[in-house]
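Chain and residue survey
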Amino acid sequence: MKVVVGSGIIGSWIAYQLAKAGEEVYVIEKSENAGDGISGRNSGVLHSGIYYDPNSLKSKLCLRGYELAISFFQKHQVPFLLCGKVITSGLSNSKEEETEKQIEIEKLLENGKNIGIPDLEIKQNPGNHWKHVEGNSALWVPKTGVVDVPTYLKMLWRACEEEGVQFLKNKKIVIDQGSVFSIDETTQVREEIEADHFINAGGLYSDELIKQAGSEDYEIRPNKGEYFRLKKTLPYETLIYPLPMKTSTALGVHYTFHLAGDAYAGPNSNWAESKEDYKMQTPRSEYFESLRKILNFYKEEDLSEGYVGLRPRLFYKGAAIKDFTILKQSNWIHLLGIESPGLTSAPAIAEEVVGMME
Ligand SMILES: Cc1cc2nc3c(=O)[nH]c(=O)nc-3n(C[C@H](O)[C@H](O)[C@H](O)COP(=O)(O)OP(=O)(O)OC[C@H]3O[C@@H](n4cnc5c(N)ncnc54)[C@H](O)[C@@H]3O)c2cc1C
């Protein structure tokens, strides 16, 4: 028997692949509603992998995950759109900044070509190709898409159930002196669980379980990404991004749209007060300034408060870890720091985890 902790996109994909391989699988979720975690609060973008070091797990699993995710969408009627993305230099404050940005765009192009992303192209004066886009040059990445995340999660859970996966909600897993217990969140009744493998896909809380298992040095710090809702969509369906942030793994405030018809600007990057801190904190004027650097389509009044997602930033002995971390310790597999591009990579992360059990 395999027990997966967490019913987000990562735990659910692992459960699905294990069940398809003939295993008896239980998914145990502490929340009453599956999908309450990071998986329900993101940009819904299928990333090409262009940003990541080619030797990283993020790069390898994003490339593979993209292909597997699209096959799943086609098989299970999940709405998605391969709309492409524009990464623009945007407005700059100085000549030096502009020169640096041109170098960054060239570097991204080079990285993308190295890992085989097709049809990349640098466009001068991107505003001539995509109206309202600011900047002197931009990288066009046709291999990028958006997916309807609520439907994706729903269809994945349905596919899991069809393969025989059992979901137990409102139950929290803890490790106490080497034994594993499930605690009912309502009654607090505690029950010991035995399994041949446990998989810790606890998202923001996965550090708690690895600490309880004896590895005290891992810590997840929640990093807040706020989204503002935009009054109207752009007149074309393409994602507009700035160059990625240098100080963080965040990609910078970008324009995105959901297939249901809403458009958003986001997410920014600030430390959250806690793993439950979902309150909006950035003044609209400050946020508008970030968006204005890449697009001249909106007025400040077009922005209204949207939603907040929390990134599970991983630290080991106080040092930031940029890559996904997947660790096998006795009969546990721990997944830590599964931030972006986790949604894209999920099916490939699951393959990796299943492979570690063989
Ligand atoms: C702002 C933001 C934007 C993003 N945008 C993108 C994007 O556009 N494209 C992309 O590819 N990726 C994106 N990501 C990353 C992606 O959303 C995540 O990598 C992915 O959703 C992580 O899923 P998860 O299953 O690990 O976590 P979660 O969805 O949080 O699931 C973990 C689950 O485990 C449960 N749990 C925790 N501890 C326990 C316990 N002890 N017992 C029982 N249950 C437990 C929790 O309740 C939760 O439901 C974004 C992330 C953020 C924050």
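For clarity, every value in this text was computed on a predicted model and none was experimentally measured.

Moving on, we get to the overall build of the chain. Scanning the chain from N- to C-terminus turns up 7 helices and 22 strands. Here the C-alpha radius of gyration of the chain, 21 Å, is about what a compact globule of 358 residues would show, namely 21 Å. Taken along the three principal axes of its C-alpha coordinates, the chain extends 60 × 40 × 35 Å. Relative to its full complement of 358 residues, the chain shows a buried share of 56%. Pairs at least 24 residues apart make up 71% of the contacts formed inside the chain by residues separated by at least 6 positions. For the chain, the computed accessible surface area is about 15700 Å², with 46% contributed by carbon and sulfur atoms. Across the chain, the centroid of the 40 positively charged side chains sits 4 Å from that of the 50 negatively charged ones.

To continue, consider the site of the ligand. Neighbouring residues of the ligand: 36 residues in total, closest Glu29, Ser39, Val45, Ile338 and Thr344. Within the backbone of isoleucine 10, a nitrogen or oxygen atom sits 3.1 Å from an oxygen atom of the ligand. Here a nitrogen atom of the ligand and a backbone polar atom of isoleucine 173 are 2.9 Å apart. When the free accessible area of the ligand is taken as 1000 Å², the share hidden by the protein chains comes to 97%. Secondary-structure elements contributing two or more residues to the shell around the ligand are helix H1 (9–20), strand S10 (171–176), strand S19 (303–316) and helix H7 (342–357). Its residues assigned to classes, the shell around the ligand comprises 15 nonpolar, 14 polar and 7 charged. For the shell around the ligand, the domains that each give at least three residues are domain 1 (2–78 + 148–220 + 317–357) and domain 2 (80–145 + 223–316).

This next bit is on the domain arrangement of the chain. For the chain, the assigned domains read domain 1 (2–78 + 148–220 + 317–357) and domain 2 (80–145 + 223–316). On a C-alpha basis, the centroid separation for the pair domain 1 and domain 2 is 27 Å. In this complex, domain 1 contributes 45 residues to the contact, which on the side of domain 2 involves 39 residues. Taken together, both faces of the contact between domain 1 and domain 2 bury some 3800 Å²; the carbon and sulfur share is 61%.

Looking at the secondary structure, you find histidine 47 in the loop between strand S3 (45–46) and helix H2 (57–76). We classify histidine 47 as buried; its relative accessible area is 5%. If near-sequence neighbours (up to four positions away) are discounted, histidine 47 is found in contact with Cys62, Tyr66, Lys85, Tyr241, Leu251, Ser340, Pro341 and Thr344.

This part covers unusual backbone geometry. The omega torsion of the bond from glycine 266 to proline 267 falls at -15 degrees, within 30 degrees of zero and hence cis. Position of proline 267 among the secondary structure elements: in the loop between strand S17 (263–266) and strand S18 (270–271). Put simply, serine 340 and proline 341 share a cis peptide bond, and its omega is 10 degrees. Structurally, the position occupied by proline 341 is in the loop between strand S22 (332–336) and H7. Of note, asparagine 125 is a non-glycine position whose phi angle comes to about 45 degrees, a positive value.

Here we take up the packing of aromatic side chains. For the structure shown, the criterion picks out 18 aromatic pairs. Residues tyrosine 16 and phenylalanine 72 carry aromatic rings whose centres are separated by 5.9 Å and whose planes lie at 85 degrees to one another, so their mutual orientation is edge-to-face. One end of the pair, tyrosine 16, is in helix H1; the other, phenylalanine 72, is in helix H2, and 56 residues separate them in sequence. Considering the side-chain rings of tyrosine 255 and tyrosine 298, the 6.5 Å spacing of their centres and the 25 degrees angle between planes classify their relative orientation as stacked. Of this pair, tyrosine 255 sits in strand S16 (residues 254–257) while tyrosine 298 is found in the loop between helix H6 (284–292) and S19, placing the two residues 43 residues apart along the sequence. Neither tyrosine 255 nor tyrosine 298 differs from the other in exposure class; each is buried.

The next thing to look at is the pattern of salt bridges. Tallied over the full model, the rule gives 20 salt bridges. Between aspartate 176 and arginine 190 there is a salt bridge whose closest N-O contact spans 2.7 Å. You can see aspartate 176 sitting in strand S10 and its partner arginine 190 sitting in strand S12 (residues 190–193), a full 14 residues away along the chain. Given a relative accessible area of 31%, aspartate 176 falls into the partly exposed group. With relative accessibility at 43%, the residue arginine 190 sits in the partly exposed group. When the shortest N-O distance is used, the salt bridge between arginine 284 and glutamate 300 registers 3.7 Å. With arginine 284 in helix H6 and glutamate 300 in the loop between H6 and S19, this residue pair connects regions lying 16 residues apart in the sequence. On the basis of relative accessibility, which here comes to 33%, the residue arginine 284 falls in the partly exposed class. Relative accessible area serves as the criterion here: at 26%, glutamate 300 is assigned to the partly exposed category. Each of the salt bridges in this network shares a partner with another, and the network as a whole consists of Lys224, Glu273, Asp277 and Lys279.

What counts and what doesn't
- Counting from 1, residues in each chain are numbered in the order their sequence is written.
- Only residues with pLDDT of at least 70 get local features here, since the model is predicted, and only at 80 or more are side-chain atom pairs given and counted; chain-wide, interface and lining totals rely on the full set of residues.
- Based on all heavy atoms of the structure, the side-chain values leave hydrogens and waters out of the count.
- Numbered from the N terminus, helices here are DSSP runs of H or I no shorter than four residues, and strands are runs of E no shorter than two.
- What the globule rule says is 2.2 Å times the number of residues to the power 0.38, and the radius of gyration is computed from C-alpha atoms.
- Under the scheme applied here, a residue whose accessible area is under 20% of the maximum for its type counts as buried, over 50% as exposed, and between as partly exposed, the area being computed with a 1.4 Å probe on protein chains only.
- Contact criterion: two residues are considered in contact whenever any of their non-hydrogen atoms come within 4.5 Å of each other.
- Exposure was quantified through the Shrake-Rupley algorithm and a 1.4 Å probe, taking into account, for residues, occlusion by the shown protein chains and nothing else.
- Two residue types count as positive, namely Lys and Arg, and two as negative, namely Asp and Glu; His and chain ends fall outside the count.
- Think of each charge as sitting on NZ of Lys, CZ of Arg, CG of Asp or CD of Glu.
- Note on definitions. A residue lies near a molecule or strand when any single heavy atom of the residue is within 4 Å of it.
- Polar contact criterion, stated in full: a pair of N or O atoms within 3.5 Å, where within protein one must be able to donate a hydrogen and the other to accept it, and residues adjacent in sequence count only if both atoms are side-chain atoms.
- When residue character is reported, Ala, Val, Leu, Ile, Met, Phe, Trp, Tyr, Cys and Pro are called nonpolar, Asp, Glu, Lys and Arg charged, and the others, Gly included, polar.
- For the domains described, the bounds stem from an automatic or database domain assignment.
- Here the quantity called buried area is the total loss of accessible area, with a 1.4 Å probe, experienced by two parts when brought into contact, counted for both.
- Any Phe, Tyr or Trp ring, taking Trp's six-membered ring, that has another such ring centre within 6.5 Å forms a pair; planes under 30 degrees apart are called stacked, those over 60 apart edge-to-face, and the others tilted.
- What makes a salt bridge here is a side-chain nitrogen of Lys or Arg within 4 Å of a carboxyl oxygen of Asp or Glu, nothing more.

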